[in-house]
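# Descriptive structure summary
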Amino acid sequence: MTIKPPHKPLIPGWLLVVLAGLLVFGLGVLASSINERRAESKLARVQFLQPLDEWESDPAKWGVSFPRQFISWESTRDSATRPGFLPEGTGDYLAQRPELVVLWAGYSFTKAYNKPRGHYHSVEDVTGTPRVDASTPATCWTCKSPDVPRLMARDGVEAFYANSFDHYRSEVTNPIACLDCHDPQTMALRISRPGLAEAFQRQGKDVTQASHQEMRTLVCAQCHVEYYFKGKEANHLTFPWDQGLTVESFKQYYERTGHVDWVHAISGAPMIKMQHPDYELSRAGIHAFRGVSCADCHMPYTSEGGLKYSDHGVRSPLMNASTACQVCHRWSETDVRARVLSIQGTTRAALSRAERVLAEAHLEIGDAMSLGATDAELEGVRHQIGIAQMYWDYVASSNGLGFHAPQESARILGRAVDMAQECRLETQRIRARKGELRPLEMPDISTKEKAQAFIQPYLEAQKAAAAAR
Amino acid sequence: MNLRERLFDTWRFMPGRQRTLLLLLLGALVGMGLYLVRISNFFSYLSDDPRACINCHIMYPEYATWRHSSHGRDTTCNDCHVPHHSVIAKYRFKAEDGMRHSAIFTLRMEPQVIRARPEAIHVINDNCIRCHGEQIVHTNLADHGRLCLDCHREVPHGRVHSLSSTPNAAVPPLDPVIPRGWMPGSPRQPGGSR
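None of these values were measured; they are calculated from a predicted model.

What counts, and where the lines are drawn
- Residues numbered from 1 in each chain as written.
- Chains lettered and ligands numbered in written order.
- Predicted model: local features only at pLDDT ≥ 70, side-chain atom pairs only at ≥ 80, totals over all residues.
- Helix = DSSP H or I, 4+ residues; strand = E, 2+ residues; numbered from the N terminus.
- Rg over C-alpha atoms; globule rule 2.2 N^0.38 Å.
- Buried ≥ 20, exposed ≤ 12 C-beta atoms within 10 Å, placed from the backbone.
- Contact = placed C-beta atoms within 7 Å.
- Pairing = 2+ DSSP bridges.
- pLDDT = per-residue confidence, 0-100.
- Nonpolar A, V, L, I, M, F, W, Y, C, P; charged D, E, K, R; others polar.
- Expected span 1.5 Å × (residues − 1).
- Domains from an automatic or database assignment.
- Axes fitted to C-alpha atoms, helices over the stretch in contact; angles between N-to-C directions.
- Parallel < 35°, antiparallel > 145°, perpendicular 65-115°, else oblique.
- Left-handed = near helix turned anticlockwise from the far one by under 90°.
- Core = buried A, V, L, I, M, F, W, Y, C linked by C-beta atoms within 7 Å.

Helix and strand counts for chain A come out as 20 helices and 6 strands. For 469 residues, the compact-globule formula gives about 23 Å, and the C-alpha radius of gyration of chain A, at 29 Å, lies well above that figure. Overall size of chain A, expressed as C-alpha extent along the three principal axes, is 125 × 55 × 40 Å. Taken over 469 residues, chain A has a buried fraction of 39%. Long-range pairs, those at least 24 residues apart, make up 71% of the contacts in chain A with a sequence separation of at least 6.

On to the pairing of strand 5 (residues 301-304) of chain A. All names here are of chain A. The pairing of strand 5 with strand 6 (residues 307-310) spans 4 bridges and is antiparallel. Counted as the bridge partner of Thr-302 is Tyr-309 from strand 6. Between strand 5 and strand 6, which pair antiparallel and follow one another directly, the connecting turn spans 2 residues, one of which, Gly-305, has a positive phi of 55 degrees.

Residues and elements named next belong to chain B. Summary statistics for chain B give a mean pLDDT of 86 and a share of 92% for residues scoring 70 or more. When pLDDT is averaged over each element of chain B, helix 4 (residues 77-81) comes out on top at 95 and helix 7 (residues 139-143) at the bottom at 68. Between residues 190-194, whose pLDDT stays under 50, and residues either more than four places distant or in other chains, the model counts 5 contacts. Taken over the whole predicted complex, pTM reads 0.81, whereas the ipTM for its chain interfaces reads 0.73.

To continue, consider the interface of chain B and chain A. Facing 38 residues of chain B, the contacting portion of chain A comprises 37 residues. Counting only elements with at least two residues in the side of chain B that touches chain A, the list comes to helix 1 (3-12), helix 2 (16-39) and helix 5 (87-106) of chain B. Residues belonging to the side of chain B that touches chain A are distributed by class as follows: 23 nonpolar, 11 polar and 4 charged.

With that settled, the discussion passes to helix 2 of chain B. In this model, helix 2 of chain B (24 residues) spans 34 Å end to end at C-alpha, consistent with the 34 Å of a helix rising 1.5 Å per residue. Of the residues flanking the end of helix 2 of chain B, it is Asn41(B), one or two places downstream, whose phi is positive at about 50 degrees.

Below, the discussion takes up the domain arrangement of chain B. It is common to give the size of an interface as the accessible area lost on bringing the parts into contact. Annotation of chain B at the domain level lists domain 1 (1-39) and domain 2 (50-169). Look at where the C-alpha atoms of domain 1 of chain B and domain 2 of chain B centre, and you get two points 43 Å apart.

Another aspect to go through is the packing of helix 18 (residues 375-396) of chain A against helix 19 (residues 406-433) of chain A. Residue and element names in this part refer to chain A. Between helix 18 and helix 19, whose axes approach to 8 Å, the crossing angle comes to 160 degrees. The orientation of helix 18 relative to helix 19 falls into the category roughly antiparallel. By crossing handedness, the relation of helix 18 to helix 19 is classed as left-handed. Every residue of helix 19 that contacts helix 18 at Glu-377, Gly-380, Val-381, Gln-384, Ile-385, Ile-387, Ala-388, Tyr-391, Trp-392, Tyr-394 and Val-395 is listed here: Ser-409, Ile-412, Leu-413, Arg-415, Ala-416, Met-419, Ala-420, Glu-422, Cys-423, Glu-426, Thr-427 and Ile-430. When grouped by side-chain class, the residues that make up the contact of helix 18 with helix 19 number 15 nonpolar, 4 polar and 4 charged.

What follows deals with the nonpolar core. Residue and element names in this part refer to chain A. Counting residues in hydrophobic clusters, the biggest one holds 51 residues, and the most contacted among them are Val-102, Ala-354, Ala-388, Tyr-391, Ala-416 and Ala-420. Counting residues per element, the ones that place at least two in this core are helix 5 (99-103), helix 12 (247-257), helix 17 (333-370), helix 18, helix 19 and helix 20 (448-468). Here this core takes 11 residues from helix 18, the largest share from any one element. Excluding its chain neighbours within four sequence positions, the residues that come into contact with Ala-420 are Ala-354, Val-357, Leu-358, Ala-361, Ile-385 and Ala-388. If you look at the next biggest cluster of nonpolar residues, it comprises 38 residues, including Leu-218, Val-225, Trp-241 and Cys-297.

Moving on to the environment of Ala28(B). Mapped onto the fold, Ala28(B) is located in helix 2. With 56 residues separating them along the chain, Ala28(B) and His84(B) place their C-alpha atoms 39 Å apart.

All names here are of chain A. Inspection of the secondary structure assignment puts Gln-407 in helix 19. For Gln-407, a count of 12 C-beta atoms within 10 Å gives the class exposed. Considering only alpha carbons, one finds Gln-407 and Asn-174, 233 residues apart in sequence, at a separation of 38 Å.

Structural data, given as structure tokens:
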């Protein structure tokens, strides 16, 4: 029998029971959390691996055994790879810097030149650009897909290069991923493309002797380098490394071999287009000097629940400055960022100056031609402007806006502007000999469309001359 | 009628079955509390044993680098990381830091790179001077607001810091939750004795 309370109790009895129950539950959750984190400390290092085929190019198949690496690799889909300078979306460089259209007149880069995107987009981007057409060789596939090593092994490297781009369209489907850098059996880093190994061999070095830390740079150097297609028909992908990795040694190499990428449509100068000498330029920087690899900053080690892995979302280190920079640089993230952006801003300003001067030099040589200057008279300045632009391009086409080697970038750009101005002086003398003393009035190339319209007659004249020959 | 009596009324007029349930739950609460004390190695935090700091695995890099450094033989974590000018200051600092660490670790908010807070930096610097005071001759450096660690950057945790900077480091394992010797067949522990 219950005793009737004389008045209502302050807290009803059932509420006490519920409160006590909730407390027990809460402590239980806390205990579970502690136990989970205790368990993390002894995570078994045993992994159950799905065996992979020798030529497995589908990253999702690798992802079954290596989910963290796979998921971080997938994040290269996001286009926000570079903070600070470049707008989102495709990032049309020609619209941002219309001088480039003049610099590359006569070369396919005047059709389109966009901000680079992550590895995830490599196949989509190479098939989507108007620079690729029916005359493109299969060599352009080399760095775009992990399907390539299989096709090279099947058809032979020489035959692969000699084929057309279209020939392999149906067989190349996966973007840059696991097999490009890893051995599918042991997961060890390995060189899967012949270009780098051949360049090492010509220098008397053996790439298979590289240490693990060196490999964390060299797998990137399979593609993020300057290269050219050797031989009109063979299109053999070749690194111009025989004299060294500096822009001067590239100049020597190309002068020695006589290789020319195209003839400039306005100035008639023999031109070399640099690709993206990221590896070469970064060798001149302080990070490389101190033994820091590409992966140390672009794929930093990350810890997740007591498990260490390398972040495969290759992108600007500024996107995660904490793991990429602050492990060594004990400054605030704001300071790290400000430092990098200031270096990139300085380089950007120097690049813009060089672009302006180079464009003026090409136009002035073109004007000297219309005044009746002969090829013999113009040979010197044409050669010089080709070299100056190659110097500029060594920095311009490298990713990182000079950050990989700030001092070297500034030196090269200074030299590029210097050579271009020397070239303009000499051109001015030639124009004066033809009776023209006034400076050349610059055309309006303030937008991409105006610049493209401006070079159009030169392109047609070049085409007509080629047809007549 | 005062508050205490009114609260007591709740208990007095509770139906018997509710009372039993409440008592059981209160018992569970006490038991769970003891269990928490056990699995969290609660009492280790009152000691100066560096193993208390690796109750959480994210401190493994700090432990491993300290253990292999010149400081690994004669100092403990607390020698540098808590103030020593008074016992009260020491335990107050420990309590504050400990609560913050456990909250962050439980909520999984730990950063990839652990860095000392400004308060902690001053505690560390004071402790450098506490032991090495006699060796500091060039006091003009310290007079200008410089810290010992501004130059001695690698002391003692090395150059590169992050949660993943010492993978597979050999650190002492956590003690098992069930005390050694309670189970007749419990696994042998490193060191040979049960």
